[in-house]
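Descriptive analysis of the structure
One-letter residues, chain by chain:
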Amino acid sequence: MSDREVSDREVSVLEAQEARLVLPRFTYEDAWTLGGLLVGMARERGAPVAIDIRRGPQQLFHCALPGSSADNDAWIDRKRRVVERYGVSSFLVGARFRAKGTTFEASSRLDPDRYAAHGGAFPVAVEGAGVIGSVTVSGLPQAEDHAMVVEALERLLSSYASADG
């Protein structure tokens, strides 16, 4: 399989995650629940991460766990800006550039000190409203940051189904 085919498959997988992870609502309480899920997962795994959850420009949740640093907060800001600009996960944006045979840094024309298309920032999308915020994890390799956010959003989405049914 060529690098192009691998990249195209990665893009498809990431796009499917985003299509699946649309929430019925996202309240302040939901942000707290999502943050708690992420903190619990990170503690169980001994993950040295920082976590940020926003609705629009308002930060609803932030936590820095042991082993994380202010550098993680800078990465959060850079990855979050990618989600805000493109409306999709920072990992998907990077994968789309790779699928075209280039990199985000080389081809986006955006300042790499302000934008990073690395995994870990994911859009918070709500049915009927679209993208209304973001959830970001920083501190692990980018694929693991992304996977942690996806797992937490899957758990949150599952909790809505359990509560409603």
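Further up the page is the structure itself.
The sections below set out a description of the structure shown in this document. Position numbers for residues start from 1 in each chain and track the written sequence from start to end. Note on the predicted model: pLDDT of at least 70 is required for a residue's local features to be given, and 80 or more for side-chain atom pairs to be given and counted; whole-chain, interface and lining totals, by contrast, use all residues. Computation of side-chain values: all heavy atoms of the structure, hydrogens and water removed.

Examined against the element boundaries, serine 138 turns out to sit in strand β5 (residues 130-138). The exposure class of serine 138 is buried, given its relative accessible area of 3%. A distance of 3.2 Å separates polar atoms of two side chains, one belonging to serine 138 and the other to asparagine 72. In this view, serine 138 contacts Pro48, Val49, Ala50, Asn72, Trp75, Ile76, Lys79 and Asp145; residues no more than four positions away in its chain are not counted. Only DSSP runs of H or I covering at least 4 residues are called helices, and only runs of E covering at least 2 are called strands; the numbering of each starts at the N terminus. Working definition: with a 1.4 Å probe on protein chains only, accessible area under 20% of the residue-type maximum means buried, over 50% means exposed, and in between means partly exposed. N or O atoms closer than or at 3.5 Å make up a polar contact, with two conditions inside protein: a donor-capable atom paired with an acceptor-capable one, and, for residues adjacent in sequence, both atoms drawn from side chains. The contact criterion used is simple: two residues touch if any of their non-hydrogen atoms lie within 4.5 Å.

Note on placement: glutamate 29 falls in helix α2 (residues 28-45). Along the chain, glutamate 29 and asparagine 72 lie 43 residues apart, while their C-alpha atoms are 25 Å from each other.

Residues Phe26, Leu34 and Val135 are the most contacted members of the largest nonpolar core, which totals 30 residues. Those elements giving two or more residues to this core turn out to be α2, β2 (50-55), β3 (58-64), β4 (121-126), β5 and α6 (142-164). By residue number, the principal contributor to this core is α6, which donates seven residues. Apart from the residues within four sequence positions on either side, valine 135 is in contact with Leu34, Leu38, Asp52, Ile53, Gly120, Ala121, Phe122, Val124, Val149 and Leu153. For our purposes a nonpolar core is just a set of buried Ala, Val, Leu, Ile, Met, Phe, Trp, Tyr and Cys residues, chained together by side-chain atoms within 4.5 Å. Among the nonpolar cores identified, the runner-up in size contains 14 residues, and Val11, Val93, Ala99 and Leu110 belong to it.

Each strand in a sheet pairs with its neighbour through backbone hydrogen bonds, running either in the same direction (parallel) or in the opposite one (antiparallel). Pairing between strands is defined by DSSP: at least two bridges between the two strands are required. Read from one edge to the other, the open sheet built from five strands follows the order β1-β4-β5-β2-β3, with strand pairing classed as mixed. Both edges of this open sheet fall to β1 (22-23) and β3, since each of them pairs with a single strand only. Bridge count for β2 against β5 is six bridges, and the pairing is antiparallel. Opposite arginine 54, over in β5, you have serine 134 as the bridge partner. Packing against the sheet, α2 makes contact with β2, β3 and β5, and its axis sits at approximately 20° to β3. As a rule, the C-alpha atoms of each element are fitted with a line to give its axis, helices using only the stretch in contact, and angles between N-to-C directions run from 0 to 180 degrees.

Right, let's talk about the packing of aromatic side chains for a bit. Only the six-membered ring of Trp is used, alongside the rings of Phe and Tyr, when aromatic pairs are assigned; centres must lie within 6.5 Å, and planes under 30 degrees apart are stacked while those over 60 apart are edge-to-face, with the rest tilted. With the rule as written, the count across this model stands at three aromatic pairs. Ring centres 6.3 Å apart and planes at 65° place the aromatic pair tyrosine 86 and phenylalanine 104 in the edge-to-face group. In this pair, tyrosine 86 sits in helix α3 (residues 70-86) while phenylalanine 104 sits in helix α5 (residues 104-107), placing the two residues 18 residues apart along the sequence. Classification of tyrosine 86 by relative accessible area gives partly exposed; the value is 35%. Phenylalanine 104 sits in the buried class, given a relative accessible area of 3%.

Once that is clear, we can look at unusual backbone geometry. Although it is not a glycine, arginine 109 sits at a positive phi angle of roughly 65°. Given the relative accessible area of 81%, arginine 109 is considered exposed.

Pairing is possible between side chains of opposite charge, provided their charged atoms come close. A carboxyl oxygen of Asp or Glu within 4 Å of a side-chain nitrogen of Lys or Arg is what we treat as a salt bridge. Tallied over the full model, the rule gives 10 salt bridges. With a closest N to O distance of 2.8 Å, glutamate 151 and arginine 45 form a salt bridge. Taken as a pair, glutamate 151 in helix α6 and arginine 45 in helix α2 lie far apart in primary sequence, 106 residues in all. Using a relative accessible area of 23% as the deciding quantity, one classes glutamate 151 as partly exposed. One salt bridge in this structure joins arginine 80 and glutamate 84, with 2.9 Å as the shortest N-O distance. Of this pair, arginine 80 and glutamate 84 both sit in helix α3, four residues apart, roughly one helical turn.

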